[in-house]
Amino acid sequence: MHALVFFSKRLSAIVVSLAAVVTITFYLMHSAPGNFLEMQQVREAMASLDSKGREAQKQYEIEFQKRYALDKPIYVQIGIYLKNAATFKFGPSFTNPNVPIEALVREKFGTTLQIVLIGLILAIVAGVPLGVIAALRKNTVWDYGLMGFSMIGQVIPSFVIAVGLIVIFSVMLGWLPTSGWGQCRHYILPALAIGAAPIATVARYIRSSILETMEQDYIRTAFSKGIPEARVILAHALRNSLIPLITVMGPQFSFMLLGSVLVEQVFRIPGMGSMFVSAAQQRDYPMLVTSTLIFAAAIMLVNLVVDVLYAFLDPRIKLE
Amino acid sequence: MRLTKWVVGPLALLSLGIYGLYNCVLCGDPAAKAAAAAVANGGRPEIVVRIPSFPTQSLEPYVWAPQAVITQGTLLEGLFGYDRDLNVVPKVAESWVLAPDKLTWTIKLRKDKKWSDGTGVTAHDFIYGWTRFCSPGFPSPDWASVFVSVEHAMDYKSGSIPLDSVGFKALDDYTLVVKLIKPRSLPSFLALSSTLPMHKASFEAAKARGEADFWWMPGSFVGNGPYIPVRFVRDGEIELVRNPHYVGERGNVDRFVLKSMSMSSQSVQIQQYEAGELDVAHVMTLGDYAYASKAKHIKDQVVMTPEMGYTGIQMARTVNKLMNDDNLRRAIALAIDKADLAKNVMGGRVNPTNVFGPEQDSLFAGLTGVSFDREEAKRCLAKSSYRGEPIYLFSPPSTDVKGLASVSEAIQSHLKAIGLNVVIENLEEGVLNSYVWGGGYIDDPRYNRPGLTLFPGKVLWKEPVMMLRAADHSWDWMNYDYEVKELRKRITLERVALKKEEKGDKPRDWAELKVLRDSCAAWFARIKSMETDSLFRNKILEKNAAPQYDRLLSSIGPKTARDEKIAKWQSAKDVLLDAEFEFLTYFGNQRNHDGKVTFAHLETATMEDSATTPLLRHMIQLSLDQNWIIPFFSEKLVYVKRPWLTGESMNKFGMWNVLFDLQYINVDEKAYMAAVHPESKSWLTRLASHQEGN
């Protein structure tokens, strides 16, 4: 029962927040000077028009505004948008009026999610063991080396790591392709680039969490009962240290989702990120607001999942 | 120790897994696959060329989007197209005649041209495509086409008249007639993607399947260009193979792989080229240019070709009196050390220029622009009314890739050297564009500051007005005067406010407007008696809105609804305001008048006419004399390409500077096979003996 109330509360909060995100995005978009029709390339072409053409241009602008409801007050535009968004219909974009945005999202969001999930798995699979080693070899060369390394991973932006990886693994060694999408070998470098910072974060969290857990009474008890070291660490220390990890994974997911915007550009991955960037540059309002909405929804849903997992893993926490 | 086993063990396993994965997926190498597949090709491996392209969302030719460079000439062939030097040449057209009225074009088509399904290309295919472009409700960009100048085409688009009144028709299978409303350089426009033909049967079939928006997908697509698509991934890769029925000049490439990527600093094209994944790579950033032109293994493969356009500064569109000072503008033009910009800031990637494009271009020969002279600049500044006010240099953000941000810094230092107080203000691209294009009319004090903006001027296609380089700017200088901008601002704001004025249902509302109507009639009567150039006189008299006011007023009867009356009143005021701008600016300075008259003639000129070039040169010289726009360099499009690749044609027009017209690309087979398929030695030996035999 508690869980049901919790879910309905959280889901309605998400719906309200998404509506707020859309409203804010609309206002920000419209208050930024310049619009799609004024964007350089369109203007350049239009500018060549003679006087008869200017009338056609005016007609074009009127039709354009009508098609996208730009002639209506902004709150009406937001209303129309939200109403359509509720049924997952976003209409066509400015730049390519023949393709509805939902078709693009359906095609592209899966790709972005794939990279982020691979990055996330990599972060856990690589970050946890690294953190454990660093904790158990505290203040040794292992610890300093790993933590120093993780610090580097954390401070270098993912797109710089991406270019570095391309130069080493594709150009110098020739092992992996520089870009593309669809085959397993295409996934490795983007996942490493996007996962580098989360690996570092996870390792650092696990390290401090294990250090704290190892001080607990029950660990001492376990050792005194003669349980093998490995079992103490894996079954008792590590398991209890994983709870804080879940809390970092939520923000890490958001972080990677945003990072994917740049990593996708470098590796030529046809995902949401590249769509988002070009939409912002060209003032493609429908595309821009939809990308924002999708990113926001993904982040909010992941946060919800994290909260649920948290309660599941730690019986002391209740869903309320 | 046991602990290490537990932690290091899984890590080792993981690495093994990754290694195994890597090894097993290596079998999927496309190059290996292509080589295997091509063994069927008479033992000769397939010739595959991989080139970068813009992210592409569809292959619909009738939208003004990056796909235009693939559809135009490569997938579909128009009546006209470009040769490798970008001259407009006939493709499907065989001959054409322009009637003495300079409006009616009759075009005969070649009879040997085929669609990819083997059927012949006829005049009806063009009419079918053009009709689709012009149909009401189809979101085609009218402004990027000639149809705005075709008789009744726009009326048809607005839904007000039936199709058979539109001025294009097929007289028979191989004869087309196009009737224009004013002289235009028709062949230039018939080379653009908006006038490509369409294969009716395949489109109708896709439509019947409910896939009208996806008729261009591989499998459904029937084209008349040299290549057809066989694979399409939105914003991903596109593969083209030879159209087996194509008739015409074409290179020996069997397959093109177009890899979509962002043409910005975020792309790693050079690395992809080095890794052997691209056969051509654009050198986008100054950093890449510095690397490519020095790196031993690729510096010989760097190709540079001058763009059709220039980069310069223009006086910002903001409404401020300061820049009206001729001496100040001339001082600015004199103060910019163009050679320094080209060499030290742009690293030799550009050519300094005093005109609106490469100086060696015959269009500019003998024209005089302003060259760098710091002492003269100081003297000029001393004669001006400038008294140390801040002049803003509105610039792209410092992260911009083309080096324009560093150009701003250099210009600031050049201008400071003569004593100007220049302040750089970095603006995001969207905001900057409103200062370059649309600014000045917004009711915001920031838009009243004096300033300069960096500006790239481009040619979008070959046609007299476009050839002025950067259309809007190289001719629009007549509208840069402070008084003109101030007037335009007032009128623009009034027109915006007009939408909220609910007037028109009372006689006194119309009486109020009659004052403007009468002065409009009086001014245009004066213009009619004064203007000596008949073409320009006719053009400007079209702007007289008094008759339209009379028409709208007389159309109001006792039964006219209130809303309709308001709409008519608003419409009348709108055209009157437009007319007010025209007649008030007519009596500006003589140079502006000269510019407007020349421009009116250029609008109706055709590229084929020998009188056009002198007109263009006159207009460019007028613009150079004003210094409203100051060019300083002309960019070179830079790319690297494999030594075995020849015949490539770079799109040097304003947008989408990538390889296009892929039909001209040819590969030196021997060098290609040796480089790409060393395993096919036996085939090479046969080729060699074959060549010797010949």
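Residues numbered from 1 in each chain as written. Chains lettered and ligands numbered in written order. Predicted model: local features only at pLDDT ≥ 70, side-chain atom pairs only at ≥ 80, totals over all residues. Heavy atoms only, no water.

1. Observations concerning the overall build of chain A
Working step 1: Within chain A, the secondary structure is distributed over 12 helices and 0 strands.
Working step 2: A total of 320 residues make up chain A; the buried ones form 51% of that total.
Working step 3: Sequence-distant contacts in chain A: of pairs separated by 6 or more residues, those separated by 24 or more amount to 72%. (Helix = DSSP H or I, 4+ residues; strand = E, 2+ residues; numbered from the N terminus. Buried < 20%, exposed > 50% of the residue type's maximum accessible area, 1.4 Å probe, protein only. Contact = heavy atoms within 4.5 Å.)

2. Thoughts on the overall build of chain B
Working step 1: A count of helical and extended segments in chain B gives 24 helices and 22 strands.
Working step 2: Sorting the 694 residues of chain B into buried and exposed places 57% on the buried side.
Working step 3: Put simply, 71% of the contacts in chain B that link residues at least 6 apart link residues at least 24 apart.
Working step 4: For chain B, the exposed surface amounts to about 27600 Å²; the carbon and sulfur share of it is 55%. (Areas by Shrake-Rupley, 256 points an atom, 1.4 Å probe, with all protein chains shown as cover.)

3. Some points on the packing of helix H7 (residues 158-172) of chain A against helix H8 (residues 184-214) of chain A
Residues and elements named next belong to chain A.
Working step 1: Across the interface, H7 lies against H8 with an axial gap of 8 Å and an inter-helix angle of 145°. H7 and H8 meet at a crossing whose hand is right-handed. Of the residues in H8, those touching H7 at Ser158, Ile161, Ala162, Leu165, Ile166, Phe169 and Ser170 are Leu189, Leu192, Ala193 and Ala196.
Working step 2: Partitioned by chemical class, the residues of the contact of H7 with H8 number 9 nonpolar, 2 polar and no charged. (Axes fitted to C-alpha atoms, helices over the stretch in contact; angles between N-to-C directions. Left-handed = near helix turned anticlockwise from the far one by under 90°. Nonpolar A, V, L, I, M, F, W, Y, C, P; charged D, E, K, R; others polar.)

4. As for the side chain of Arg44(B)
Residues and elements named next belong to chain B.
Working step 1: Position of Arg44 among the secondary structure elements: in the loop between helix H2 (30-37) and strand S1 (48-53).
Working step 2: For Arg44, a relative accessible area of 15% corresponds to the buried category.
Working step 3: A polar contact of 3.0 Å, which involves the side chain of Arg44, links it to the side chain of Asp254. (Polar contact = N/O pair within 3.5 Å; in protein donor to acceptor, adjacent residues only side chain to side chain.)

5. Focus: the domain arrangement of chain A
Working step 1: Domains assigned within chain A are domain 1 (38-87) and domain 2 (103-313).
Working step 2: Taken over C-alpha atoms, the centre of domain 1 of chain A sits 41 Å from the centre of domain 2 of chain A. (Domains from an automatic or database assignment.)

6. Here we look at the side chain of Thr201(A)
Residue and element names in this part refer to chain A.
Working step 1: Relative to the assigned elements, Thr201 resides in helix H8.
Working step 2: On the basis of relative accessible area, Thr201 is assigned to the buried category, the value being 9%.
Working step 3: Setting aside chain neighbours within four positions, we find Thr201 in contact with Gln154 and Gln252.

7. Thoughts on the sheet that holds strand S4 (residues 93-98) of chain B
All names here are of chain B.
Working step 1: Overall, antiparallel pairing links the 4 strands, which are arranged S4-S5-S7-S6 in an open sheet. Every interior strand has two partners, whereas the edge strands, S4 and strand S6 (168-172), have only one. Going across the sheet, the axis of each strand differs from the next one's by a mean of 20°, ignoring polarity.
Working step 2: In this structure, S4 lies alongside strand S5 (residues 104-109), joined through 5 bridges in antiparallel fashion. Opposite Trp96, over in S5, you have Ile107 as the bridge partner. (Pairing = 2+ DSSP bridges.)

8. Structural notes on the pairing of strand S8 (residues 227-232) of chain B
Residue and element names in this part refer to chain B.
Working step 1: Two elements, S8 and strand S9 (residues 237-242), share 5 bridges in a ladder whose sense is antiparallel. If you follow Phe232 over to S9, its bridge partner there is Ile238.
Working step 2: Connecting the antiparallel pair S8 and S9 is a turn made up of 4 residues, with Asp235 showing a positive phi of about 60°.

9. As for the packing of helix H17 (residues 507-530) of chain B against helix H18 (residues 534-541) of chain B
All names here are of chain B.
Working step 1: At a closest axis distance of 10 Å, the pairing of H17 and H18 adopts a crossing angle of 170°. Classed by the angle they form, the pair H17 and H18 counts as roughly antiparallel. Judged by residue contacts, Phe524, Ile527 and Lys528 of H17 engage Arg537, Ile540 and Leu541 from H18.
Working step 2: Within the contact of H17 with H18, the residues separate by chemical class into 4 nonpolar, no polar and 2 charged. (Parallel < 35°, antiparallel > 145°, perpendicular 65-115°, else oblique.)

10. With respect to the packing of aromatic side chains
Working step 1: Under the definition given, this model contains 32 aromatic pairs over all chains.
Working step 2: Note on Phe88(A) and Phe90(A): the rings are 5.1 Å apart at their centroids and 75° apart in plane angle, and the pair reads as edge-to-face.
Working step 3: Ring centres of Phe524(B) and Phe583(B) lie 5.9 Å apart, and the angle between their planes is 85°; on these two criteria the pair is classed as edge-to-face. A residue pair is termed long-range when its members are at least 10 positions apart, and Phe524(B) in helix H17 and Phe583(B) in helix H20 (residues 562-586) qualify at 59 residues.
Working step 4: With a relative accessible area of 3%, Phe583(B) lands in the buried category.
Working step 5: A network of ring pairs unites the aromatic residues Tyr62(B), Phe126(B), Trp130(B), Phe133(B), Phe138(B), Phe147(B) and Phe168(B) as a single cluster.
Working step 6: Positioned above the aromatic ring of Trp628(B), the side-chain terminus of Arg329(B) is 3.7 Å from the ring centre.
Working step 7: Residue placement shows Arg449(B) over the ring face of Tyr392(B); its charged tip is 4.5 Å from the ring centre. (Phe/Tyr/Trp six-rings, centres within 6.5 Å; stacked < 30°, edge-to-face > 60°. Lys NZ or Arg CZ within 6 Å of the ring centre and 35° of its normal.)

11. Things to note about the sheet that holds S1(B)
Residue and element names in this part refer to chain B.
Working step 1: A sheet is described by the order of its strands in space; here 4 strands give the open sequence S1-S10-S9-S8, paired in mixed fashion. In this open sheet, the two edge strands, each paired with only one partner strand, are S1 and S8. Averaged over neighbouring strand pairs, the angle between their axes works out to 25° when direction is ignored.
Working step 2: Inspection of the sheet shows S1 paired to strand S10 (residues 255-260) by 6 bridges, in the parallel sense. From the neighbouring strand, Pro52 faces S10, where its bridge partner is Lys259.

12. A short note on unusual backbone geometry
Working step 1: In this model, Arg268(A) sits at a positive phi of 55°, which is unusual for a non-glycine residue.
Working step 2: Within the secondary structure, Arg268(A) sits in the loop between helix H10 (229-267) and helix H11 (272-282).
Working step 3: Non-glycine residue Lys102(B) carries a positive phi angle of around 65°.
Working step 4: On the accessibility criterion, Lys102(B) (44% relative accessible area) is partly exposed.

13. A word on the pattern of salt bridges
Working step 1: Considering all chains together, one arrives at 43 salt bridges over all chains under this definition.
Working step 2: A salt bridge links Arg184(B) to Glu463(B); its shortest N-O distance comes to 3.0 Å. Of this pair, Arg184(B) sits in the loop between strand S7 (175-179) and helix H6 (186-189) while Glu463(B) is found in the loop between strand S17 (451-458) and helix H15 (471-476), placing the two residues 279 residues apart along the sequence.
Working step 3: Note on Glu463(B): relative accessible area 2%, which makes it buried.
Working step 4: One connected set of salt bridges, linked through shared partners, spans Arg268(A), Glu46(B), Arg231(B), Glu237(B), Glu239(B) and Arg255(B). (Salt bridge = Lys/Arg side-chain N within 4 Å of Asp/Glu carboxyl O.)

14. Notes on helix H10 (residues 326-335) of chain B
Working step 1: When you tally the buried positions in H10(B), you get 7 out of 10 residues, the bulk of the element.
Working step 2: Listed as buried for H10(B) are Leu328(B), Arg329(B), Ala331(B), Ile332(B), Ala333(B), Leu334(B) and Ala335(B).

15. Points about the nonpolar core
The nonpolar side chains of a soluble globular protein tend to be buried with one another.
Working step 1: Membership of the largest hydrophobic core comes to 171 residues, with the highest contact counts inside it found for Leu79(B), Trp130(B), Ile313(B), Ile332(B), Val407(B), Ile411(B) and Leu420(B).
Working step 2: Of the residues forming this core, the biggest block, 8 residues, is contributed by strand S18 (residues 629-641) of chain B.
Working step 3: Apart from the residues within four sequence positions on either side, Ile332(B) is in contact with Ile313(B), Met323(B), Leu415(B), Leu420(B), Leu452(B) and Ile630(B).
Working step 4: Membership of the second largest hydrophobic core comes to 77 residues, among which are Ala123(A), Leu238(A), Val277(A) and Leu293(A). (Core = buried A, V, L, I, M, F, W, Y, C linked by side-chain atoms within 4.5 Å.)

16. Remarks on helix H21 (residues 590-603) of chain B
All names here are of chain B.
Working step 1: The end-to-end C-alpha separation of H21 is 20 Å, in line with the 20 Å expected for 14 residues at 1.5 Å each.
Working step 2: A large share of H21 lies buried, amounting to 10 of its 14 residues.
Working step 3: Along H21, the residues that are buried comprise Asn592, His593, Gly595, Lys596, Val597, Thr598, Phe599, Ala600, Leu602 and Glu603. (Expected span 1.5 Å × (residues − 1).)

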